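Notes for the structure review
One letter stands for each residue in the lines below.
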Amino acid sequence: MTRRWLVTGCSSGLGRALAGAAAEAGDLVVATARRPATMDDLADRYPDRLSALALDVCDAGQCEAAVAHAVDRFGGVDVLVNNAGSGLFGALEEVSDDELRQQLEVLTVAPWRLTRLVLPLMRRQGFGHIVNVSSIAGRIGLPGLSAYVAGKYALEGMSQALAAEVAPFGIRVHAVEPGGFATRYGTSLAEAAGRIPAYAQSTGDLEAGLRGMAANPDLTRPDVFAHHVLRLVASPTAPLRLPIGADAYAFLEAAEAAGTTELAAAHAFIQDSAERPGTDAAPATPFSASGPAR
């Protein structure tokens, strides 16, 4: 079947690779970026299948216009890919309130807004896909990327809740978790304005590695990402979370093992307290009539 895509962040990297691959496969694509001229070659190559559109995902009016354009040009949206993003490097103490708000606006608020805009279309047609491009940083805390990690963790939680909300309407949701890819992410990574030299010992190595991503021959190429996302939306059994990249599974398997160890340590800590005189050993109920225990 021919699918109608709306993809954000297509000026380079993962988004550009995906927009081109979807058009090459015969699908219809609204490819967006703040500077649509960066996609002129794609629009020339696929004049009937790819429409390059200006979109700043932090601008609510432009988001509404992008969805309206997709309806006018191709009749609707079958696949929304929330790929647009930005990175901010800085330890928590270095990041200001305004810098944090801007990072969360791009990584969490904008995908929420665009998803809200396309859901009425998808509910009416009885099917659709929401693909949120997260990161392995959505499941791993990385020093120096506190704000970025916070945004991606929020995107993962949003995706999980959304999947349960829209399943009755035939809409599927996926959080795609790239590992290290040979893109300009590292070179375009902004720095917090209030850097503190003391944090170099805990964040310096990661920053150096990120800055060299584009030239690193060992990292996965963006076309691999595009290949798997096309497979994802075509599969009736694809998982909610999909790590992609040569290093993604090694990182996440290590994180899962560490989480198991941490859970066991926490359980032992609580049990130790419960066995002491004067403590309440009764198991806690995680949910009550009013909701989750806090």
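For the structure itself, consult the block above.
Residue indices begin from 1 for each chain and proceed along its sequence in written order. Owing to the predicted nature of the model, reporting of local features is limited to residues with pLDDT of at least 70; listing and counting of side-chain atom pairs is limited to 80 or more, with chain, interface and lining totals taken over all residues. To obtain the side-chain values, all non-hydrogen atoms of the structure were included, while hydrogens and water were left out.

**Digging into the packing of aromatic side chains**
Centre distance within 6.5 Å is the pairing criterion for rings of Phe, Tyr and Trp, where only the six-membered ring of Trp is used; planes under 30 degrees apart are then read as stacked, over 60 as edge-to-face, and the remainder as tilted. The tally for this structure, following the rule as stated, stands at 1 aromatic pair. Seen from their ring centres, Phe-181 and Phe-225 are 6.3 Å apart, and the 85 degrees between their planes marks the pair as edge-to-face. A residue pair is termed long-range when its members are at least 10 positions apart, and Phe-181 in the loop between strand E7 (171-178) and helix H6 (185-188) and Phe-225 in helix H8 (residues 222-234) qualify at 44 residues. The classification of residues rests on relative accessible area computed with a 1.4 Å probe and restricted to protein chains. Under 20% of the type maximum is buried, over 50% is exposed, and intermediate values are partly exposed. By relative accessible area, Phe-225 is classed as buried at 1%. Under the DSSP-based scheme used, a helix requires at least four consecutive residues in state H or I and a strand at least two consecutive residues in state E, with every element numbered from the N terminus.

**A look at the pattern of salt bridges**
A side-chain nitrogen of Lys or Arg and a carboxyl oxygen of Asp or Glu constitute a salt bridge if their distance falls within 4 Å. This model, assessed by the stated rule, comprises 14 salt bridges. Its salt-bridge partner being Arg-113, residue Glu-105 comes within 3.0 Å of it at the nearest N-O pair. Note that Glu-177 is salt-bridged to Arg-241, the shortest N-O span being 3.9 Å. Of the two residues, Glu-177 sits in strand E7 while Arg-241 sits in strand E9 (residues 241-244), which places them 64 residues apart along the sequence.

**Considerations on the nonpolar core**
Among buried residues, those of type Ala, Val, Leu, Ile, Met, Phe, Trp, Tyr and Cys that are joined through side-chain atoms within 4.5 Å constitute a nonpolar core. Ranked by size, the top nonpolar core spans 29 residues in total, and within it Trp-5, Leu-18, Val-29, Leu-50, Val-81 and Phe-225 carry the most contacts. We call two residues contacting when some pair of their heavy atoms lies within 4.5 Å. In this structure, Leu-18 is in contact with Trp-5, Val-7, Val-81, Phe-225, Ala-226, Val-229 and Leu-230, ignoring residues within four places of it in sequence. Membership of the second largest hydrophobic core comes to 26 residues, among which are Leu-6, Val-30, Cys-63 and Ile-130.

**Comments concerning the pairing of strand E3 (residues 50-54)**
In this structure, strand E2 (residues 28-33) lies alongside E3, joined through 5 bridges in parallel fashion. Paired with Val-29 across the bridge in E3 is Leu-50. Criterion used throughout: strands pair if DSSP finds at least two bridges between them.

**Brief notes about the packing of helix H4 (residues 97-125) against helix H5 (residues 146-166)**
Axes here mean lines fitted to C-alpha atoms, for a helix over just the part in contact, with angles spanning 0 to 180 degrees between N-to-C directions. Where H4 meets H5, the closest approach of the two axes is 8 Å, and the angle between their N-to-C directions is 20 degrees. Between H4 and H5, the interaxial angle falls into the category roughly parallel. H4 and H5 meet at a crossing whose hand is right-handed. The segment H4 lies against H5, with Leu-100, Gln-103, Leu-104, Leu-107, Thr-108, Pro-111, Trp-112, Thr-115 and Leu-119 engaging Ala-147, Tyr-148, Ala-150, Gly-151, Lys-152, Ala-154, Leu-155, Met-158, Leu-162 and Val-166. The classification used treats Ala, Val, Leu, Ile, Met, Phe, Trp, Tyr, Cys and Pro as nonpolar, Asp, Glu, Lys and Arg as charged, and all other residues, Gly among them, as polar. Among the residues forming the contact of H4 with H5, the class breakdown is 14 nonpolar, 4 polar and 1 charged. Note on angle classes: values under 35 degrees are labelled roughly parallel, values over 145 roughly antiparallel, values of 65 to 115 roughly perpendicular, and the remainder oblique. Crossing handedness is defined as follows: a turn of the near helix away from the far one that is anticlockwise and smaller than a right angle gives a left-handed crossing, while the clockwise case is right-handed.

**Looking at the environment of Asp-72**
Mapped onto the secondary structure, Asp-72 falls in helix H3 (residues 60-74). A relative accessible area of 67% means that Asp-72 is categorised as exposed. Asp-72 sits 68 residues away from Arg-4 along the chain, and the two C-alpha atoms are 12 Å apart.

**Observations regarding the side chain of Ser-134**
Counting through the fold element by element, Ser-134 comes out in the loop between strand E6 (128-133) and H5. Leave out the neighbours within four places in its chain, and Ser-134 touches Lys-152, Leu-155, Glu-156, Val-176, Glu-177 and Pro-178.

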